[in-house]
Amino acid sequence: MPSTPSDAAARAQRQSQIVRALSAELPTHALLWQSEDTTPYECDGLSAYRQRPLVVALPESEAQVAALLRICHALGAPVVARGAGTGLSGGALPHPMGVTLSLTKFNRILAIDPIARTATVQCGVRNLAISEAAAPHGLYYAPDPSSQIACTIGGNVAENSGGVHCLKYGLTLHNVLCVRGFTAQGEAVEFGSAALDAAGLDLLALVVGSEGMLAVTTEVTVRLIPRPQIARCLMASFDDVQKAGDAVAAVIAAGIIPAGLEMMDKPMTAAVEAFVHAGYDLDAAAILLCESDGTAEEVEEEIARMSAVLQGAGATAIACSRDEAERLRFWSGRKNAFSASGRISPDYMCLDSTIPRKHLARILLAITQMEQKYKLRCCNVFHAGDGNLHPLILFDANDPDELSRCERFGADILETSVAMGGTISGEHGVGVEKINSMCVQFSAEENEQMFGIKRAFDPAGGLNPGKAIPSASRCVEYGRQVVRGGRLAFPDLPRF
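Residues numbered from 1 in each chain as written. Predicted model: local features only at pLDDT ≥ 70, side-chain atom pairs only at ≥ 80, totals over all residues. Heavy atoms only, no water.

### Regarding the packing of helix H13 (residues 360-374) against helix H14 (residues 400-419)
Between H13 and H14, the least distance of the axes is 10 Å, while the angle of their chain directions is 155°. By the angle class used here, H13 and H14 are roughly antiparallel. Handedness of the crossing formed by H13 with H14: right-handed. Contacts between H13 and H14 involve Ile363, Ala366, Ile367, Met370, Glu371, Lys373 and Tyr374 on the former and, on the latter, Arg405, Arg408, Phe409, Asp412, Ile413, Thr416 and Ser417. (Axes fitted to C-alpha atoms, helices over the stretch in contact; angles between N-to-C directions. Helix = DSSP H or I, 4+ residues; strand = E, 2+ residues; numbered from the N terminus. Parallel < 35°, antiparallel > 145°, perpendicular 65-115°, else oblique. Left-handed = near helix turned anticlockwise from the far one by under 90°. Contact = heavy atoms within 4.5 Å.)

This is the structure:
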């Protein structure tokens, strides 16, 4: 709905009030409020939904972050923390009457400790930059989201990000030792420690994945691990998605935990191959990428075992990387799946529900039927070893009908995943994209319990309001939509 003159006047008055208050603590160049300056911050990677922030702040020190939070708390102004903006669930969507807190200037690596195998970094340090800094010591940071060249460690903490090697090495939660930051009131707070464990309740596990709703992260200490002596990747082709799904379960059942175990369907491999020329089998209904790392002897033995399992599961062809360049080429296709999708469609919506591994083929078949139902294409790539799906629904955001069908398609996938015993998110977070699907995953009582945790940290609800946890009234409205035969995922968000 377009704003009225009175709305515009109230917005301008509020903007002036916030800018005036923040100017007492932040330099002029650290505050943006003109439309041409704030427009780049109006969305994250979920670009179909946009909201121009009232004010954007780019503090340069922890003292400035603390002061900003104290001021906003006193004014009752919402604060949305933002990293690199690579998130795919709308978690950094601005509040129309609040402050977007950009932490990109917090980009220093503070310490690399090769003895303790840790790195202490500011929240705006890129994921890949940590491994690059640790490389001279033969160490690296294991979680590797596909956006690792751009995404920041603070954003990884907010969403509990994973990556193609999360099956063996875990998500962000399993690789973070300590998180420092500030509460909504501007008070310094620390979760976890550099020691093996921290006293008291395990609040670190609560904060990682909390989507910026409990505290603003400014510094993170992560665990580093030795770089493997060698890594090799198998690429297995299957003429049937059921066989490929069963092969994933067979590998795990054989007691093998690959460094990476990924699956792509035929539409996805076609899109990727045209983009990066990774050498994928375009005739296969699905391909699996299975990686082994460790010592040369360990890798040779595990590759032989995996090959035998894959052959027994019906693989029509198996190729093994002959050198590091070929291994990286196999993975380049998987890492560029999202970029490749952008070449064949004006827009895409990438989901990340999870299911039990045994249902991989079932969900693929269900998505194929949904393509016919909603008359939209969908390319699929999975963290198959974890049962973490990444369906990419292709659509044109300039067509309101396509966008509406895409929303309903996505909600259908999420609900089907829950019905199969899964969850609505594996690593992208809920944000605004999946907030209505939380009504399917959790009861009103369970959602209220989560609000209770939110209130314990942020009683006024100023940090990233309206994200991740649905209100009771929202769930009631969503129930009405479903009864009427629709699944409108974003009833009150501005469209592209």
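### Thoughts on the pattern of salt bridges
Evaluated as defined, the whole model comprises 21 salt bridges. In this structure, the salt-bridge partner of glutamate 324 is arginine 327, at a minimum N-O distance of 2.7 Å. With glutamate 324 and arginine 327 both in helix H11 (residues 324-335) and 3 residues apart, the pair spans about one turn of that helix. Overall, glutamate 324 belongs to the partly exposed group, its relative accessible area being 40%. Residue classification places arginine 327 among the buried residues on the basis of a relative accessible area of 11%. Notably, a salt bridge pairs lysine 434 with aspartate 352, separated by 2.8 Å at the nearest N-O pair. (Salt bridge = Lys/Arg side-chain N within 4 Å of Asp/Glu carboxyl O. Buried < 20%, exposed > 50% of the residue type's maximum accessible area, 1.4 Å probe, protein only.)

### Some points on the nonpolar core
The biggest cluster of nonpolar side chains holds 52 residues, and the ones touching the most others in it are Phe238, Met263, Leu288, Leu310 and Phe409. If you tally residues by element for this core, the top one is H13, at 7 residues. Discounting residues that sit within four places of it in the chain, leucine 310 has contacts with Leu234, Ala236, Phe238, Ala247, Val251, Leu288, Cys290, Ala315 and Ile318. (Core = buried A, V, L, I, M, F, W, Y, C linked by side-chain atoms within 4.5 Å.)

### Things to note about a nonpolar patch on the surface
Taken together, the side chains of Leu201, Leu203, Leu206 and Ile453 define a hydrophobic patch exposed on the protein surface, amounting to about 340 Å² of accessible area. Under the relative-accessibility criterion, leucine 203 is labelled partly exposed at 34%. (Patch = residues over 30% accessible without salt bridge, like charges linked within 9 Å, V, L, I, M, F, W, Y side chains within 5 Å. Areas by Shrake-Rupley, 256 points an atom, 1.4 Å probe, with all protein chains shown as cover.)

### Considering the packing of aromatic side chains
Inspection of the entire model under this criterion finds 4 aromatic pairs. For the pair phenylalanine 338 and tyrosine 348, a centre-to-centre distance of 6.2 Å together with 45° between the ring planes defines the contact as tilted. Taken as a pair, phenylalanine 338 in helix H12 (residues 337-344) and tyrosine 348 in strand S16 (residues 347-350) lie far apart in primary sequence, 10 residues in all. With relative accessibility at 15%, the residue phenylalanine 338 sits in the buried group. Under the relative-accessibility criterion, tyrosine 348 is labelled partly exposed at 26%. Where tyrosine 374 meets phenylalanine 409, the ring centres are 5.3 Å apart and the plane angle is 20°; that geometry is what we call stacked. Placement of the pair is tyrosine 374 in helix H13 and phenylalanine 409 in helix H14, with a sequence separation of 35 residues. (Phe/Tyr/Trp six-rings, centres within 6.5 Å; stacked < 30°, edge-to-face > 60°.)

### Some thoughts on the state of the cysteines
Enumeration over the complete set of coordinates arrives at 1 disulfide. Each sulfur of the disulfide joining cysteine 439 and cysteine 475 lies 2.1 Å from the other. Residues cysteine 439 and cysteine 475 are joined by a disulfide whose S-S torsion is about -85°; by sign, that bridge is left-handed. Here cysteine 439, found in helix H15 (residues 438-441), pairs with cysteine 475, found in helix H17 (residues 472-483); they are 36 residues apart in sequence, far enough to count as distant. No disulfide involves cysteine 290; its sulfur sits 7.1 Å from that of cysteine 233, the nearest cysteine. What makes cysteine 290 buried here is its relative accessible area of 0%. (Disulfide = S-S within 2.5 Å.)

### Considering the pairing of strand S4 (residues 99-102)
Judged by which residues are buried, S4 turns out to be covered on both faces: Val99 and Leu101 on one side and Thr100 and Ser102 on the other are all buried. Here 3 bridges tie strand S2 (residues 55-57) to S4, and the two strands are oriented parallel to one another. Bridge pairing in S4 places alanine 57 opposite leucine 101. Here 4 bridges tie strand S3 (residues 79-82) to S4, and the two strands are oriented parallel to one another. In the strand pairing of S4, valine 80 is matched with threonine 100. (Pairing = 2+ DSSP bridges.)

### Comments concerning the side chain of glutamate 427
In this fold, glutamate 427 is placed in the loop between H14 and H15. Notably, glutamate 427 is buried but unbridged: the nearest opposite-charge side chain belongs to arginine 334, and the N-O separation is 5.7 Å. At 2.7 Å, the side chain of glutamate 427 and the backbone nitrogen of glycine 162 are in polar contact. Separated by 2.8 Å, the side chains of glutamate 427 and histidine 383 make a polar contact. (Lys, Arg positive; Asp, Glu negative; His and termini not counted. Polar contact = N/O pair within 3.5 Å; in protein donor to acceptor, adjacent residues only side chain to side chain.)

### Some words on the confidence of the model for the chain
Per-residue pLDDT for the chain averages 94, and the proportion of residues at 70 or more is 96%. Here residues 487-491 scores under 50 on pLDDT; set against residues more than four positions off or in separate chains, the count is 27 contacts. (pLDDT = per-residue confidence, 0-100.)

### Brief notes about the packing of helix H9 (residues 266-276) against H12
Packing of H9 against H12 leaves a shortest axis separation of 8 Å and a crossing angle of 90°. The pairing of H9 with H12 is recorded here as roughly perpendicular in orientation. Of the residues in H12, those touching H9 at Met268, Ala271, Val272, Ala274 and Phe275 are Ala337, Ser339, Ala340, Ser341, Arg343 and Ile344. Here the residues of the contact of H9 with H12 sort into 8 nonpolar, 2 polar and 1 charged. (Nonpolar A, V, L, I, M, F, W, Y, C, P; charged D, E, K, R; others polar.)

### Some thoughts on unusual backbone geometry
Positioned with a positive phi, asparagine 160 is a non-glycine residue whose angle comes to about 55°. Inspection of the secondary structure puts asparagine 160 in the loop between helix H5 (153-159) and helix H6 (166-169). Relative accessible area serves as the criterion here: at 15%, asparagine 160 is assigned to the buried category. A positive phi is found at asparagine 464, a non-glycine position, where the angle reads about 45°. Since its relative accessible area comes to 2%, asparagine 464 is described here as buried.

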